[in-house]
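Below, each chain spelled out in residue letters.
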Amino acid sequence: MAPSEASAPTRPSSPDDASRAVDVVVLAGGTGRRLGGASKPDVVARGERLLDHVLNGLSRLDGSDGGLPLGRVVVVAPEEVELPAGVLRALEDPPLGGPVAGLAAGLLALVGDADGTDGPAPLTAVLTCDAPDSYRALPPLRTAALDARERDGAVAVSCQGEDRHTQYLLGVYRTERLAAVVAPGGQPLRDVAVHRTLRALDVVELAEDAVRTASLDLDTWEDVHAWERAGGDPSDGASAR
């Protein structure tokens, strides 16, 4: 199915805004094993692909009150996944190297697209296509990352108590620090666990209700159908990563 008309946000022109812009890496690869091998980004729910829910949400945030200035957007996905004009594509080589390899590929694409004046944004957000409301967490995550200047970024936390889980794939990071962890010495890591790799970063953890809800993803067809029945609220029947 062709993507809906999601537009790529333009890079802010104000020097102050540019210094605080957020580039975005959307992970949209994988095998979709729990969906019977279906392409996760192409799964249609509530009239749009899961990927388009994320991309359209990013466009709505850009320049809106309470939103955030966005830089470049790169989707880590194979060629079979259609992308709107203006959205960059990346993929680890060889494919299926895991989320950490996907992050490294996305960051490399952002560096390659940067012009000589601006370079990559100082902050990079990480989202996944199977969490269609994940973009909603970016404003508070960005604020937390900016406030904690000596730390490496801010990430979402799902649940509380014994079920507390750090969601490293929903965060806003200082770009240089993230790149150093996923591609140490310029060599992308492959087939490594997300938590074991990204826990090396010193991050603020946000457990606000809105952030926790945004971190919930649609792993199975049951999750997808529950999200549709709930009118788009992934907290009903969705599962935490």
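Structure: see above.
The model shown is predicted, which means the values in this text are computed figures rather than measured ones.

### Observations concerning the environment of Gln167
Take Gln167: it is sitting in strand β8 (residues 165–174). Judged by relative accessible area, which is 2%, Gln167 ranks as buried. When the C-alpha atoms of Gln167 and Arg212 are compared, they prove to be 9.2 Å apart, with 45 residues separating the residues in sequence.

### Concerning helix α5 (residues 175–182)
For α5, every residue scored as buried is listed here: Thr175, Leu178, Val181 and Val182. Projected onto a plane normal to the axis of α5, the buried residues spread over an arc of 135° and lie on a single side.

### Focus: helix α4 (residues 138–147)
Within α4, seven of the ten residues are buried, leaving the element largely enclosed by the surrounding structure. Every buried residue belonging to α4 is among Leu138, Pro139, Leu141, Arg142, Ala144, Ala145 and Leu146, and all of these are buried.

### Details of the pattern of salt bridges
One pass over the structure, following the stated rule, counts nine salt bridges. Among the ionic pairs, Lys40 bridges to Asp130, the shortest N-O distance being 2.5 Å. Pair noted here: Lys40 is in the loop between β1 (22–27) and β2 (44–45) and Asp130 is in the loop between β6 (123–128) and α4, with a separation of 90 residues, a long-range link. Of the two residues, Lys40 and Asp130, both sit in the buried class. In this structure, the salt-bridge partner of Asp133 is Arg136, at a minimum N-O distance of 3.5 Å. Take Asp133: its relative accessible area is 10%, and that puts it in the buried class. Salt bridges linked by common partners bring Lys40, Asp130 and Asp219 together as one network.

### Considerations on the nonpolar core
Grouped burial of nonpolar side chains is what soluble globular proteins tend to show. If you look at the biggest cluster of nonpolar residues, it comprises 37 residues, and the most contacted ones within it are Val24, Val26, Leu51, Leu58, Val75 and Leu138. With residues up to four places along the chain from it excluded, the contact list for Val24 reads Leu58, Leu70, Arg72, Val73, Val74, Ala125 and Leu127. If you look at the next biggest cluster of nonpolar residues, it comprises 25 residues, including Val25, Leu169, Leu201 and Val203.

### A short note on the sheet that holds β1
Reading across from one edge, β5-β4-β1-β6-β8-β7-β9 is the order of the seven strands in this open sheet, with mixed pairing throughout. Strands at the two margins of the open sheet, each flanked by one partner only, are β5 (88–90) and β9 (203–206). Taking each pair of neighbouring strands and ignoring which way they run, the sheet shows an average axis angle of 30°. Relative to β8, strand β7 (residues 153–158) runs antiparallel, the two sharing six bridges. Its bridge partner lying in β8, Gly153 is registered against Tyr173. Seen against the sheet, α4 touches β1, β6, β7, β8 and β9 and runs at an angle of roughly 65° to β8. Where α5 meets the sheet, its contacts fall on β6 and β8, and the angle it forms with β8 comes to roughly 125°.

### With respect to the side chain of Ser215
By the secondary structure assignment, Ser215 is in the loop between α7 (209–214) and α8 (221–229). Within the local environment of Ser215, its side chain forms a polar contact with the backbone oxygen of Arg212, the two atoms lying 2.7 Å apart.

Cut-off values and rules
- Residues numbered from 1 in each chain as written.
- Predicted model: local features only at pLDDT ≥ 70, side-chain atom pairs only at ≥ 80, totals over all residues.
- Heavy atoms only, no water.
- Helix = DSSP H or I, 4+ residues; strand = E, 2+ residues; numbered from the N terminus.
- Buried < 20%, exposed > 50% of the residue type's maximum accessible area, 1.4 Å probe, protein only.
- Arc of directions from axis to C-beta.
- Salt bridge = Lys/Arg side-chain N within 4 Å of Asp/Glu carboxyl O.
- Core = buried A, V, L, I, M, F, W, Y, C linked by side-chain atoms within 4.5 Å.
- Contact = heavy atoms within 4.5 Å.
- Pairing = 2+ DSSP bridges.
- Axes fitted to C-alpha atoms, helices over the stretch in contact; angles between N-to-C directions.
- Polar contact = N/O pair within 3.5 Å; in protein donor to acceptor, adjacent residues only side chain to side chain.

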